[in-house]
Amino acid sequence: QVQLVESGGGLVQAGGSLRLSCAASGSTSSINAMGWYRQAPGKQRELVAAISRGGSLTYADSVKGRFTISRDNAKNTVYLQMTSLKPEDTAVYYCNVVGPLGSYMYWGQGTQVTVSS
């Protein structure tokens, strides 16, 4: 079992920045990929960014150049630095971890990010 605790969401004006954090606890030694998804009202949950244990990065086209994902394996924590935020970035952001070969997947409780115009 892996438990995830997210923090860092909030309300920000367009053009502003926020940093999300997600700390994992429990059986963390087997975690492979860590990532962030988001879900806006009336829309499907979508991948924002992901990082493998070895550091390989994946970004949604809509956030490339504005968001940066990173992880601290010693702290079992993944971060999402979000800059140049837009109103369309407004969503609930969920932390996600995946085990080896997709053997398991866990989700955080979600944190609200609201970008005002």
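Rules behind the numbers
- Residues numbered from 1 in each chain as written.
- Predicted model: local features only at pLDDT ≥ 70, side-chain atom pairs only at ≥ 80, totals over all residues.
- Heavy atoms only, no water.
- Pairing = 2+ DSSP bridges.
- Helix = DSSP H or I, 4+ residues; strand = E, 2+ residues; numbered from the N terminus.
- Axes fitted to C-alpha atoms, helices over the stretch in contact; angles between N-to-C directions.
- Disulfide = S-S within 2.5 Å.
- Buried < 20%, exposed > 50% of the residue type's maximum accessible area, 1.4 Å probe, protein only.

1. Here's the deal with the sheet that holds strand β8 (residues 77–82)
- Overall, antiparallel pairing links the four strands, which are arranged β1-β3-β8-β7 in an open sheet. Edge strands, defined here as strands with exactly one partner in the open sheet, are β1 (2–7) and β7 (67–72). Each strand axis lies, on average, 15° off the axis of its neighbour in the sheet, ignoring direction.

2. Re the state of the cysteines
- Counted under the stated rule, the structure contains one disulfide.
- Between the sulfur atoms of Cys22 and its disulfide partner Cys95 the distance amounts to 2.1 Å. In this structure the cystine formed by Cys22 and Cys95 twists about its S-S bond by roughly -85°; its chirality is therefore left-handed. Taken as a pair, Cys22 in strand β3 (residues 18–26) and Cys95 in strand β9 (residues 91–98) lie far apart in primary sequence, 73 residues in all.
- The class of Cys22 is buried, set by a relative accessible area of 0%.

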